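# Survey of secondary and tertiary structure
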Amino acid sequence: YKTFVCGNIGQPFAEVASLVPADGYAVVEVSTFQLETIADFRPSIALLLNISPDHLDRHGDFDTYRRLKHRVTENQQVDDMLILNESASADIGTIETRATIQYFSAEHSNTSCVFVQNENLIIRRDTLLTSIIPTAEIGIKGPHNLQNASAATAVASLCDIPVNVIADSLRKFSGVEHRLERVGNVAGISFINDSKATNVDSVAYALQSVDTPLYLIAGGRDKGASYTPLIEHGLNKIKGIVAIGEAKEKIFEQLGQSFNVIFADSMEEAVRSCFDLALPGETVLLSPACASFDMFDSYEHRGKIFKTAVADLKNGKKNHQTIS
């Protein structure tokens with residue numbers, strides 16, 4: 001298929017809408033900022049991965065934010081598909097839709113069209129179960145990415161993509177830039193660029209995806225949500241937090257009693273501070289939980305500056321020194 005990937009992640013949908021052939025697909029990430037003003041937008045397949053508090057600085061409260069997310073199905077008809085995350089049903093809430101609903105799950109399910117059973121990803125068509133791939137062979141790692149893989153498989157199945165093609169894609173796809181992107185190892189310390197994590201829920205998933213003790217670089221322009229959920233997810237994993245940007249005082253106020261929080265005035269200073277504190281075998285994770293616009297042009301710009309700072313470490317300070 002001729003496929004265009006666009007929307008909130010980069011290239012605007014409007015730039016490619018006229019280029020998509022009748023037998024092609026536009027894969028569009030649609031934000032609440034866009035859903036606020038839709039009129040005729042009608043996806044053939046709409047997909048809600050999850051809903052957690054975000055952009056409260058703009059939308060005011062979680063209920064409003066959730067209602068805006070629901071607008072993705074507002075114009076759908078009975079011959080359109082709405083795919084929902086079964087394990088996130090409570091957060092997604094009750095949706096009014098004319099579309100036909102299907103569910104996916106990263107766990108065992110008796111109702112989802114895609115689910116996990118005995119560590120294999122399974123497609124259910126009526127009563128027929130087809131094993132797609134062992135979950136250990138999926139290229140993108142972490143519990144949230146197993147949900148993403150399940151969701152993508154559900155869509156691909158509805159588009160009649162052959163099973164072997166789905167499996168091959170899941171095996172080969174290793175992720176994209178700025179999303180849990182491993183950018184290097186310096187003196188035994190791993191550096192991960194997760195600049196796309198612009199809300200607290202995304203950071204929680206990132207913490208679950210790192211299996212070593214870590215130092216977290218967080219902060220930026222605050223979006224109105226609480227940072228306290230990171231206490232539960234970060235206990236026994238986060239060794240320290242380097243806070244940057246406009247939100248650093250709030251991060252200190254909410255997390256300072258649970259973690260050692262220090263401040264940095266630039267990304268370069270944050271990377272250097274983490275490197276000086278971390279030990280071989282540990283990880284430095286940029287996962288900001290905030291928008292980037294206080295210090296950077298975009299989350300991509302933020303991630304690139306982080307990667308440049310890591311590259312500078314590789315080209316400069318070679319011998320790790322521990323600060324005691």
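Reading guide: rules and limits
- Residues numbered from 1 in each chain as written.
- Predicted model: local features only at pLDDT ≥ 70, side-chain atom pairs only at ≥ 80, totals over all residues.
- Heavy atoms only, no water.
- Helix = DSSP H or I, 4+ residues; strand = E, 2+ residues; numbered from the N terminus.
- Rg over C-alpha atoms; globule rule 2.2 N^0.38 Å.
- Buried < 20%, exposed > 50% of the residue type's maximum accessible area, 1.4 Å probe, protein only.
- Contact = heavy atoms within 4.5 Å.
- Areas by Shrake-Rupley, 256 points an atom, 1.4 Å probe, with all protein chains shown as cover.
- Core = buried A, V, L, I, M, F, W, Y, C linked by side-chain atoms within 4.5 Å.
- Salt bridge = Lys/Arg side-chain N within 4 Å of Asp/Glu carboxyl O.
- Phe/Tyr/Trp six-rings, centres within 6.5 Å; stacked < 30°, edge-to-face > 60°.
- Pairing = 2+ DSSP bridges.
- Axes fitted to C-alpha atoms, helices over the stretch in contact; angles between N-to-C directions.
- Disulfide = S-S within 2.5 Å.

## As for the overall build of the protein chain
- Helices and strands together make up the secondary structure of the protein chain, namely twelve helices and 14 strands.
- Over its C-alpha atoms the protein chain spans a radius of gyration of 21 Å, differing by no more than 12% from the 20 Å that the globule rule assigns to 324 residues.
- When the backbone C-alpha atoms are referred to their principal axes, the protein chain occupies close to 65 × 40 × 40 Å.
- Counting over 324 residues, the protein chain shows a buried share of 46%.
- Restricting the contact set of the protein chain to residue pairs at least 6 apart, pairs at least 24 apart contribute 62%.
- When the accessible surface of the protein chain is summed, it comes to about 15,900 Å², and 49% of that surface belongs to carbon and sulfur atoms.

## With respect to the nonpolar core
- If you look at the biggest cluster of nonpolar residues, it comprises 23 residues, and the most contacted ones within it are Leu216, Tyr227, Ile241, Ile251 and Leu255.
- When residues of this core are traced back to their parent elements, those giving at least two are helix 8 (200-209), strand 11 (214-219), strand 12 (238-244) and helix 10 (248-255).
- The element contributing the most residues to this core is helix 8, with four residues.
- Beyond its immediate stretch of four places on either side in the chain, Leu255 contacts Tyr227, Thr228, Leu230, Ile231, Ile241 and Val261.

## Observations regarding the pattern of salt bridges
- Counted according to the given criterion, the structure contains 14 salt bridges.
- Among the ionic pairs, Asp168 bridges to Lys172, the shortest N-O distance being 3.2 Å. Of this pair, Asp168 and Lys172 both sit in helix 7 (residues 163-172), four residues apart, which is roughly one turn of that helix.
- Glu282 is the partner of Lys239 in a salt bridge, and the nearest nitrogen-oxygen pair spans 2.7 Å. Here Lys239, found in strand 12, pairs with Glu282, found in the loop between helix 11 (267-277) and strand 14 (283-286); they are 43 residues apart in sequence, far enough to count as distant.
- Here Lys239 falls in the partly exposed class, since its relative accessible area comes to 36%.
- Residue Glu282 is classed as buried on the basis of its relative accessible area of 6%.
- Each of Glu177, Glu181, Lys304 and Lys307 takes part in salt bridges that share partners, so that together they form one network.

## Structural notes on unusual backbone geometry
- At Asp126, a residue that is not glycine, the phi angle is positive and equals roughly 55 degrees.
- Checked against the element boundaries, Asp126 lands in the loop between strand 7 (120-125) and strand 8 (128-134).
- With relative accessibility at 73%, the residue Asp126 sits in the exposed group.
- Although it is not a glycine, His178 adopts a positive phi angle of roughly 75 degrees.
- Mapped onto the fold, His178 is located in the loop between helix 7 and strand 9 (181-186).
- When its relative accessible area of 3% is taken as the criterion, His178 is described as buried.

## Concerning the packing of aromatic side chains
- This structure, assessed with the given rule, holds five aromatic pairs.
- Between the aromatic rings of Tyr1 and Tyr25, the centroid separation amounts to 5.2 Å while the plane-to-plane angle is 90 degrees, which identifies the pairing as edge-to-face. You can see Tyr1 sitting in the segment before strand 1 (3-7) and its partner Tyr25 sitting in strand 2 (residues 25-29), a full 24 residues away along the chain.
- Considering the side-chain rings of Phe13 and Phe41, the 6.5 Å spacing of their centres and the 75 degrees angle between planes classify their relative orientation as edge-to-face. In this pair, Phe13 sits in helix 1 (residues 13-16) while Phe41 sits in the loop between helix 2 (32-35) and strand 3 (45-48), placing the two residues 28 residues apart along the sequence.

## Some details on the sheet that holds strand 9
- Spatially, the six strands line up as an open sheet ordered 9-10-14-11-12-13, and their pairing is mixed. Of all strands in the sheet, those bounded by a partner on one side alone are strand 9 and strand 13 (261-263). Taken over all neighbouring pairs, the strand axes of this sheet differ in orientation by 20 degrees on average, direction set aside.
- In the sheet, strand 11 pairs with strand 12 via six bridges, with the strands oriented parallel. Bridge pairing in strand 12 places Gly219 opposite Ile244.
- Helix-sheet contacts for helix 10 involve strand 11, strand 12 and strand 13, and the interaxial angle to strand 13 is about 165 degrees.

## Quick look at the state of the cysteines
- Taken as a whole and assessed by the stated rule, the structure comprises zero disulfides.
- Residue Cys113 stays outside any disulfide, its sulfur separated by 12 Å from that of Cys159, the closest cysteine.
- We classify Cys113 as buried; its relative accessible area is 9%.
- For Cys274, which is in no disulfide, the shortest distance to another cysteine sulfur is to Cys290 and amounts to 15 Å.
- Cys274 sits in the buried class, given a relative accessible area of 0%.

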